[in-house]
Amino acid sequence: MNIAMGADHAGFEQKELLKNYLIEQGFTVHDKGCFSEERVDYPDFAKTVSEAVAAGEADFGVLVCGTGIGMAIAANKVDGIRAANVITPEFAQLAREHNNANVVTVSGRFVDLETNKAILDTFLNTEFGGGRHECRVSKIMELE
Ligand code: RB5
């Protein structure tokens, strides 16, 4: 499975650690930056990762910033993207089962690494539930 990853300076450290974790799990990771703790603008990385997912170059996107909030707001501007800002594994499960989220955004500053690993484990291994959620997700996409 192909994963596109991105971060700003506030998410850089955890992005590196989470990238290595995903590679250890057997995922192919396309790292879209940033590549240092130099101050950058998170929408630039949300855009690059989201466009890779929307184009089918990656199955899922993972974005890390200080809170995950800005990344989610920016990613959801890209057609085809359903980005969820997730701070617990339970929310990761529901974002996949109910919302068919294709991008997960996490916090590098307020959520610890082990929790973020568990969030990614759950997000990347949970299927969309379909059924009653199908038409709701279709209605989201009709908003584009
Ligand atoms: C950067 O200072 C911070 O605003 C950013 O990482 C993120 O938390 C935005 O939502």
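Our subject in this report is the structure included herewith. (Residues numbered from 1 in each chain as written. Predicted model: local features only at pLDDT ≥ 70, side-chain atom pairs only at ≥ 80, totals over all residues. Heavy atoms only, no water.)

**As for the overall build of the protein**
- Broken down by element type, the protein carries 6 helices and 5 strands.
- For the protein, the sequential pattern of α-helices and β-strands runs β-α-β-α-β-α-β-α-β-α-α.
- Computed over C-alpha atoms, the radius of gyration of the protein comes to 14 Å, within 12% of the 15 Å expected from 2.2 N^0.38 for 144 residues, which places it in the range of a compact globule.
- Along the longest, intermediate and shortest principal axes, the C-alpha atoms of the protein span 45 × 25 × 25 Å.
- Burial analysis of the protein (144 residues in total) assigns 48% to the buried set.
- Taking the intrachain contacts of the protein between residues at least 6 apart in sequence as the baseline, contacts between residues at least 24 apart amount to 69%.
- Accessible surface, the protein: about 7200 Å² in total, of which carbon and sulfur atoms supply 49%. (Helix = DSSP H or I, 4+ residues; strand = E, 2+ residues; numbered from the N terminus. Rg over C-alpha atoms; globule rule 2.2 N^0.38 Å. Buried < 20%, exposed > 50% of the residue type's maximum accessible area, 1.4 Å probe, protein only. Contact = heavy atoms within 4.5 Å. Areas by Shrake-Rupley, 256 points an atom, 1.4 Å probe, with all protein chains shown as cover.)

**Topic: the pairing of strand E5 (residues 103-107)**
- By the criterion of burial, E5 is predominantly enclosed, with 5 of the 5 residues buried.
- Here E5 shows no split at all, with Val103, Thr105 and Ser107 on one side and Val104 and Val106 on the other all buried.
- In this sheet, E5 lies alongside strand E3 (residues 60-65) in parallel orientation, the contact comprising 5 bridges. When the bridges of E5 are listed, cysteine 65 appears paired with serine 107.
- Of the strand pairs in this sheet, strand E4 (residues 83-85) and E5 are connected by 3 bridges, and their pairing is parallel. From the neighbouring strand, alanine 83 faces E5, where its bridge partner is valine 103. (Pairing = 2+ DSSP bridges.)

**Observations regarding the site of the ligand**
- Every residue near the ligand is listed here: Asp8, His9, Ala10, Tyr42, Cys65, Gly66, Thr67, Gly70 and Arg109.
- The backbone of glycine 66 places a nitrogen or oxygen atom 2.8 Å from an oxygen atom of the ligand.
- One nitrogen or oxygen atom from the main chain of glycine 70 is found 2.8 Å from an oxygen atom belonging to the ligand.
- Within the complex, the protein chains bury 73% of what would otherwise be the 290 Å² of accessible surface of the ligand. (Near = heavy atom within 4 Å. Polar contact = N/O pair within 3.5 Å; in protein donor to acceptor, adjacent residues only side chain to side chain.)

**Details of the packing of helix H1 (residues 12-24) against helix H5 (residues 113-124)**
- Contact geometry of H1 with H5 gives a least axis separation of 11 Å together with a crossing angle of 45°. With respect to H5, the axis of H1 lies oblique. Between H1 and H5 lies a crossing of right-handed hand. Residue-level inspection shows Gln14, Leu17, Leu18, Tyr21 and Leu22 of H1 in contact with H5, the latter providing Leu113, Asn116, Lys117, Leu120, Asp121 and Leu124. (Axes fitted to C-alpha atoms, helices over the stretch in contact; angles between N-to-C directions. Parallel < 35°, antiparallel > 145°, perpendicular 65-115°, else oblique. Left-handed = near helix turned anticlockwise from the far one by under 90°.)

**Some remarks on the sheet that holds E4**
- Spatial ordering of the open sheet is given by E2-E1-E3-E5-E4, a layout of 5 strands whose pairing is parallel. The two strands at the open ends of the sheet, each matched to only one other strand, are strand E2 (28-31) and E4. On average, adjacent strands in this sheet sit at an angle of 25° to one another, irrespective of strand direction.
- Contacts between helix H2 (residues 42-54) and the sheet are confined to strand E1 (2-7), E3 and E5, with E3 contributing the most and set at about 170° to the helix.

**A look at the environment of glutamate 37**
- With respect to the secondary-structure elements, glutamate 37 resides in the loop between E2 and H2.
- Residues glutamate 37 and cysteine 135, 98 residues apart in the sequence, show an inter-C-alpha distance of 42 Å.
- Setting aside its immediate chain neighbours within four residues, glutamate 37 contacts His9, Phe12 and Glu13.

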